[in-house]
Amino acid sequence: MIVTLHSYKGGTGKTLLSVNLAMTFANLGKKVCLLDLDLRAPSLSSTFNNTTNCWINNYLNKSCKAENILSECTPQYIKDGHLFVGLANPSTEAIRDMSSKDRKWEMEALGRLLSLKEHLLTDMNFDYVVCDSSPGLQYSSINAIVIADVVLVVTSVDKSDVDGTQRMIRDLYDLYEKKTGIVVNKVPQTILSGRTHIKLDTHNLPIIDLIPCSCDVLQSGGEYLFAFEKKEHPITQSLSKIAMKIRQF
Ligand SMILES: Nc1ncnc2c1ncn2[C@@H]1O[C@H](COP(=O)(O)OP(=O)(O)O)[C@@H](O)[C@H]1O
Ligand SMILES: [Mg+2]
């Protein structure tokens with residue numbers, strides 16, 4: 001199953017949640033692949049090492065094969081499962097290259113991503129592929145939605161984010177007919193305790209979970225694996241709940 005995390009705006013927590021969702025599945029004994037499809041602002045290379053000579057960029061530019069883009073990154077404390085990561089090239093040159101692609105290239109990239117999906121699910125027998133995507137409505141984000149079986153739309157409670165998310169799911173998500181859920185992240189205590197409310201029209205899409213805003217994440221210097229390594233942490237607990245719901249989708 002391919003799970004893509006998408007959002008209207010940047011900074012909503014897609015990368016943090018993608019990493020920890022992939023780890024949660026791996027910890028359940030699954031074979032998991034995490035792909036950095038945010039080619040304009042790659043983030044996963046600051047958490048995982050690239051042990052191959054290839055990046056996802058090379059695969060999309062047809063200069064390497066699908067089987068060469070994955071690095072095994074299973075942490076020692078995961079006993080049965082496996083985590084493989086496909087990294088995007090974080091160099092300035094690569095980001096410029098990816099930002100300059102035209103529609104024709106993006107259409108071909110979609111074909112390459114669909115072949116990659118087939119390779120990962122059928123030839124390599126991955127149970128879950130988690131895709132961290134670019135925010136917004138550009139072609140590369142749409143490609144990450146099109147290849148998905150399940151999409152999680154991540155929003156914060158900021159008004160501009162909520163407004164944009166509502167517009168995006170109303171205008172766009174109907175078109176793709178994907179199984180879609182909303183995750184509200186960085187939710188303040190006042191909302192979690194019911195003292196204040198958010199007004200979010202989800203256009204009949206389910207809200208999968210509300211994840212608390214946690215200063216611990218910021219105190220750790222934005223270390224993405226932080227939450228998972230603390231089993232009792234509210235973010236870890238939320239991710240277990242989200243993983244369970246995805247399995248029932
Ligand atoms: N629930 C949360 N509480 C506090 N900080 C968070 C939370 N989720 C994400 N963050 C922080 O917000 C910032 C943006 O998160 P990130 O995952 O990089 O967003 P995106 O990938 O959507 O741009 C990071 O510094 C991250 O550590
Ligand atoms: Mg990100």
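I will try to describe carefully the structure that is included in this document. (Residues numbered from 1 in each chain as written. Chains lettered and ligands numbered in written order. Predicted model: local features only at pLDDT ≥ 70, side-chain atom pairs only at ≥ 80, totals over all residues.)

Take the overall build of the chain next. When helices and strands are counted, the chain shows ten helices and eight strands. Compactness check: the chain gives a C-alpha radius of gyration of 17 Å against a globular reference of 18 Å for 249 residues, within 12% of the reference. The burial tally for the chain puts 41% of its 249 residues in the buried class. The contacts in the chain between residues at least 6 apart in sequence include a share of 75% that link residues at least 24 apart. (Helix = DSSP H or I, 4+ residues; strand = E, 2+ residues; numbered from the N terminus. Rg over C-alpha atoms; globule rule 2.2 N^0.38 Å. Buried ≥ 20, exposed ≤ 12 C-beta atoms within 10 Å, placed from the backbone. Contact = placed C-beta atoms within 7 Å.)

Now for the site of ligand 1. Among the 18 residues in the neighbourhood of ligand 1, the closest are listed as Gly13, Lys14, Thr15, Leu16 and Gly222. Where the shell around ligand 1 is concerned, the elements lending two or more residues are helix H1 (14–27), strand S7 (179–187) and helix H8 (215–219). Examining the composition of the shell around ligand 1, we find that three residues originate from one element, H1, more than from any other. Grouping the constituent residues of the shell around ligand 1 by class yields six nonpolar, ten polar and two charged. (Near = placed C-beta within 6 Å. Nonpolar A, V, L, I, M, F, W, Y, C, P; charged D, E, K, R; others polar.)

What follows concerns the sheet that holds strand S6 (residues 150–155). The strand order across the open sheet formed by eight strands is S3-S4-S2-S5-S1-S6-S7-S8, and the pairing between neighbours is mixed. Edge positions in the sheet fall to strand S3 (70–72) and strand S8 (207–212), since each has one partner strand and no second. Pairs of neighbouring strands in the sheet enclose a mean axial angle of 20 degrees, with direction left out of account. Relative to strand S4 (residues 82–86), strand S2 (residues 31–37) runs parallel, the two being bridged by five bridges. Looking across to S4, one finds that Leu35 is bridged to Gly86. Of the strands in this sheet, S6 and S7 are in contact with helix H6 (residues 159–176), which crosses S6 at around 155 degrees. (Pairing = 2+ DSSP bridges. Axes fitted to C-alpha atoms, helices over the stretch in contact; angles between N-to-C directions.)

A separate point is the packing of helix H4 (residues 103–123) against helix H5 (residues 139–146). Their axes nearest at 10 Å, the elements H4 and H5 cross at an angle of 20 degrees. As summarised for this structure, H4 and H5 are arranged roughly parallel, according to the angle between their axes. Classified by chirality, the crossing of H5 by H4 is right-handed. Of the residues in H5, those touching H4 at Arg103, Glu106, Ala109, Leu110 and Leu113 are Tyr139, Ser140, Asn143 and Val146. Taken together, the residues of the contact of H4 with H5 sort by class into five nonpolar, two polar and two charged. (Parallel < 35°, antiparallel > 145°, perpendicular 65-115°, else oblique. Left-handed = near helix turned anticlockwise from the far one by under 90°.)

For Asp209, the position within the fold is in strand S8. Here Asp209 falls in the partly exposed class, since 19 other C-beta atoms lie within 10 Å of it. Separated by 55 residues in the primary sequence, Asp209 and Val154 have C-alpha atoms spaced 10.0 Å apart. Beyond its immediate chain neighbours, meaning those up to four positions away, Asp209 contacts Val183, Ser238, Lys241 and Ile242.

Time to look at H6. For H6, which comprises 18 residues, the first-to-last C-alpha distance of 25 Å matches the rise-based estimate of 26 Å (1.5 Å per residue) to within 8%. A maximum bend of about 35 degrees is found in H6 at Ile169. For H6, every residue scored as buried is listed here: Asp161, Thr165, Met168 and Ile169. Here the buried face of H6 lies against S6. Glu177, located one to two residues past H6, shows a positive phi value of around 50 degrees. (Expected span 1.5 Å × (residues − 1). Bend = angle between axes of the 7 residues up to and from the residue.)

So, on to H5. The set of residues buried in H5 consists of Ser140, Ser141, Asn143, Ala144 and Ile145. Elements that come into contact with the buried residues of H5 comprise strand S1 (2–6), S2, H4, strand S5 (128–133), S6 and H6.

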